[in-house]
Amino acid sequence: MKLYCLSGHPTLPCNVLKFKSTTIMLDCGLDTTSVLSFLPLPLIHSPRLSKLPGWVSKDGTINLEKRELLDLSTIDVILISNYHCMMALPYITEHTGFTGTVYATEPTLQIGRLLMEELVNFMERVPKAQSATCWKNKEIQRMLPGPLKDAVDVWTWKRCYSMQEVNSALSKVQLVGYSQKVELFGAVQVSPLSSGYSLGSSNWIIQSHHEKVSYVSGSSLLTTHPQPMDQSSLKNSDVLILTGLTQMPTANPDGMLGEFCSNLAMTIRAGGNVLVPCYSSGVIYDLLECLYQFIESANLGTTPFYFISPIANSSLEFSQIFAELCHNKQTKVYLPEPPFPHAELIQTNKLKHYPSIHGDFSSEFRQPCVVFTGHPSLRFGDVVHFMELWGKSNLNTIIFTEPDFSYLDALAPYQPLAMKCVYCPIDTRLNFHQVSKLLKEVQPLHVVCPEQYTQPPVTQSHRSDLMLELQPPPMPYRRCSVLNLPFRRRYERVYILPELANSLVPSEIKPGVSVATLSAVLHSKDNKHTLQSVPKPPPMPPSKKRKRVIEEPPVALAPKPMLSGAVALEAFLATLQKHGITEVKVEETADGHILHLQAEDTLIQLEEDGTHIVCDSEPLRTTLRDLVLRFLQKL
């Protein structure tokens, strides 16, 4: 069993597991941090941005993880754990010769489709007249200003995919429900479990008849909007592959929510605007629910909240549709009221959503207000316009809630900046304390994790609590490494046909244990093994010509009986003495005993799994053989 690690980003994993003749890709996360090396893409011409020094990007580029480790066309299935971990799917399914199947839950598929659609929309509505790739040559890259000069593997950066590629990729997805078992080629079964992180997010169980592998990615034990994590099904795993822990182990999500609300209220009361660069699904549901409870107590009832995204309407609607998969929302699904409170905010006109800053928004926009929009990198999307619009006033505040990007790097092209910046990263995934407790409960034999989890962060090297300390130690992996997982398959399940089973004659070799011999044909198809009766030879066809010699069909020889038991030394010596063999020298060996019959010049080796008689006299050898057989049982 081997694990190929294609991603160096623990929260955007991409691993490939080779298990029992199947090749399974576990997630295909897309690392978009490479966009921080480029200038923002404004919706309208920005004189300030166009005059910035540095390398001018000619196309919107995104970082695709390295692929040379193995041939991706050999992948049989891709298992998706959540919608953030499927953003590279079109690169895998459309450009590698992939012919397999992708498995995901319905919320993961639908919200993943929206996020891909939004990404394509952000890129395509700011088209570039030219496309440049020569700068990716190492010789030219060395001459570029930083950070491009120091960027690693720029040749792997790809242009953003198109909607045609997105639709083609998602057509290969097969929907599965929690705890549904899916058979893969008769070799293994895969099953998704609720992970508690986002709508439809899953951990995966991959098991055969005798082995079990658990894949834990992007899980949460907090009581937020998704369905709670299923922990009990992870027990008795031979190997547990762990990834997708929190990026902010020292930041308490509840504390960050409180800080978010207090900074938002402080800015609005001072007459300023609040900009929240965020993804269009996920934490935004919890932010809106928190604000719903906070608005009245903070006297913010008249402040408008705007959610601007090409998929804003669809995202809010899907969250209501999939409410039965949410924690504490199932009961509301069947009541005449919306499960999520943001529906009430929309009905009362406190929350308004728009596809972009053009059209209705420009005529209905009023300040001071709160705007939720993308992209969190501040490099594309409607957020670029608001940074230009509000960045020069110290009354305004930008609040970062997504932990995927360094907020200092995100803000770099907009400096000098007068608006206040607040960093409130909200990451509900498991922290090191929670995952240590979880592993003690489920007790896997072996744990495999990114090497970043086996050592403290570089900036906090003294914090041993910010790493995994397990016994035995976890097996670490890094990007482009191949691990041989530490257990070998020992057993395989074989089925026996009823008529063959009916012909068996068991013999009891010790109390409670019976053994039977059989001759059969092993038939293997789709990794299912069956013992069938040996077919009888077909009858000889009648010949027209007369033959002098009649050919007899071959006679099937009865198999020799198998022997079971052990030859007891003292009893065997007594038997030899009764038959006149008295001069016996006994020598003890590592495997048993050697008996030297001195008068007969014969050696008998008594071992646990066999008896050897070395003798020149055939009558004596036959006699000794019969004496040995008295102590053994024939099967």
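Structure shown above.
Here the structure is a predicted model, which means the values were calculated and not measured. (Residues numbered from 1 in each chain as written. Predicted model: local features only at pLDDT ≥ 70, side-chain atom pairs only at ≥ 80, totals over all residues. Heavy atoms only, no water.)

### Examining the overall build of the chain
Working step 1: In terms of helices and strands, the chain carries 17 helices and 33 strands.
Working step 2: Split into buried and exposed, the 635 residues of the chain put 47% on the buried side.
Working step 3: Across the chain, the fraction of contacts at a sequence separation of at least 24, relative to all contacts at a separation of at least 6, is 71%. (Helix = DSSP H or I, 4+ residues; strand = E, 2+ residues; numbered from the N terminus. Buried < 20%, exposed > 50% of the residue type's maximum accessible area, 1.4 Å probe, protein only. Contact = heavy atoms within 4.5 Å.)

### A look at the side chain of Arg 429
Working step 1: Take Arg 429: it is sitting in the loop between β19 (420-423) and α14 (432-442).
Working step 2: Arg 429 gets classed as buried once you look at its relative accessible area, which sits at 9%.
Working step 3: Among the polar contacts made by the side chain of Arg 429, one reaches the side chain of Asp 427 at a distance of 2.9 Å.
Working step 4: When neighbours within four sequence positions are excluded, Arg 429 is seen to be in contact with Thr 11, Tyr 197, Gly 218, Ser 219, Ser 220, Gly 244, Leu 245, Thr 246, Gln 247, Pro 403, Asp 404 and Gln 434. (Polar contact = N/O pair within 3.5 Å; in protein donor to acceptor, adjacent residues only side chain to side chain.)

### Section: the sheet that holds β19
Working step 1: The strand order across the open sheet formed by six strands is β16-β15-β17-β14-β18-β19, and the pairing between neighbours is parallel. The sheet is open, and its two borders are formed by β16 (351-354) and β19, each paired with just one other strand. Within this sheet the neighbouring strands show an average axis-to-axis angle of 20 degrees, counted without direction.
Working step 2: Looking at chain direction, strand β15 (residues 305-308) and β16 are connected through four bridges and run parallel. Bridged to Phe 305 within β16 is Leu 351. (Pairing = 2+ DSSP bridges. Axes fitted to C-alpha atoms, helices over the stretch in contact; angles between N-to-C directions.)

### A closer look at the packing of helix α3 (residues 106-124) against helix α5 (residues 163-170)
Working step 1: It is the contact of α3 with α5, at a shortest axis distance of 10 Å, that shows an interaxial angle of 165 degrees. Comparing the axis directions of α3 and α5 gives the class roughly antiparallel. Two packed elements cross with a definite hand, and for α3 against α5 that hand is right-handed. Contacts from Leu 109, Arg 113, Met 116, Glu 117, Val 120 and Glu 124 in α3 reach Met 163, Val 166, Asn 167 and Leu 170 in α5.
Working step 2: Among the residues forming the contact of α3 with α5, the class breakdown is six nonpolar, one polar and three charged. (Parallel < 35°, antiparallel > 145°, perpendicular 65-115°, else oblique. Left-handed = near helix turned anticlockwise from the far one by under 90°. Nonpolar A, V, L, I, M, F, W, Y, C, P; charged D, E, K, R; others polar.)

### Comments concerning the sheet that holds strand β22 (residues 481-484)
Working step 1: What the seven strands build is an open sheet, ordered β8-β6-β5-β3-β2-β1-β22; its pairing is mixed. Because the sheet does not close on itself, it has two edges, and the strands there are β8 (173-175) and β22. Sheet twist, expressed as the mean angle between neighbouring strand axes with direction ignored, is 25 degrees.
Working step 2: The sheet contact formed by strand β3 (residues 22-26) and strand β5 (residues 77-79) spans three bridges and is parallel. Residue pairing in the sheet places Met 25 in a bridge with Ile 78 of β5.

### A few points about the nonpolar core
Working step 1: Ranked by internal contacts, the top residues of the largest apolar core, which has 102 residues, are Met 25, Ile 78, Leu 89, Tyr 161, Phe 372 and Met 387.
Working step 2: Take this core: its biggest share by element is nine residues, from α3.
Working step 3: In contact with Ile 78, not counting residues within four places along its chain, are Met 25, Cys 28, Leu 89, Ile 92, Phe 98, Thr 101, Val 102 and Tyr 103.
Working step 4: Val 213, Ile 241, Val 448 and Leu 485 belong to the second largest nonpolar core, which has 26 residues in total. (Core = buried A, V, L, I, M, F, W, Y, C linked by side-chain atoms within 4.5 Å.)

### Notes on helix α17 (residues 618-629)
Working step 1: Helix length check: α17 (twelve residues) gives 16 Å between terminal C-alpha atoms against 16 Å at 1.5 Å per residue, within 8%.
Working step 2: Of the residues making up α17, those classed as buried are Leu 620, Leu 624, Leu 627 and Val 628. The buried side chains of α17 occupy one side of the element, clustering within an arc of 100 degrees when seen end-on.
Working step 3: Buried-residue contacts for α17 involve α16 (569-578), β30 (592-597), β31 (602-607) and β32 (610-614). (Expected span 1.5 Å × (residues − 1). Arc of directions from axis to C-beta.)

### Regarding the pairing of strand β2 (residues 15-19)
Working step 1: Across the five residues that make up β2, a large majority, four, are buried.
Working step 2: For strand β1 (residues 2-5) and β2, the ladder comprises four bridges, and the chain directions are antiparallel. Of the residues in β2, the one forming a bridge with Cys 5 is Asn 15.
Working step 3: Two elements, β2 and β3, share five bridges in a ladder whose sense is antiparallel. Paired with Lys 18 across the bridge in β3 is Thr 23.
Working step 4: Remark: two residues form the turn of the hairpin made by β2 and β3, two consecutive strands paired antiparallel; Lys 20 in that turn has positive phi of roughly 55 degrees.

### Digging into the pairing of strand β20 (residues 446-450)
Regular strands place their side chains on alternate faces of the sheet.
Working step 1: Taking burial as the measure, the five residues of β20 include four buried ones, the bulk of the element.
Working step 2: Here strand β13 (residues 239-243) runs beside β20; their pairing, made up of three bridges, is parallel. In the strand pairing of β20, Leu 240 is matched with Val 447.
Working step 3: For β20 and strand β21 (residues 475-477), the ladder comprises three bridges, and the chain directions are parallel. Opposite Cys 449, over in β21, you have Pro 476 as the bridge partner.

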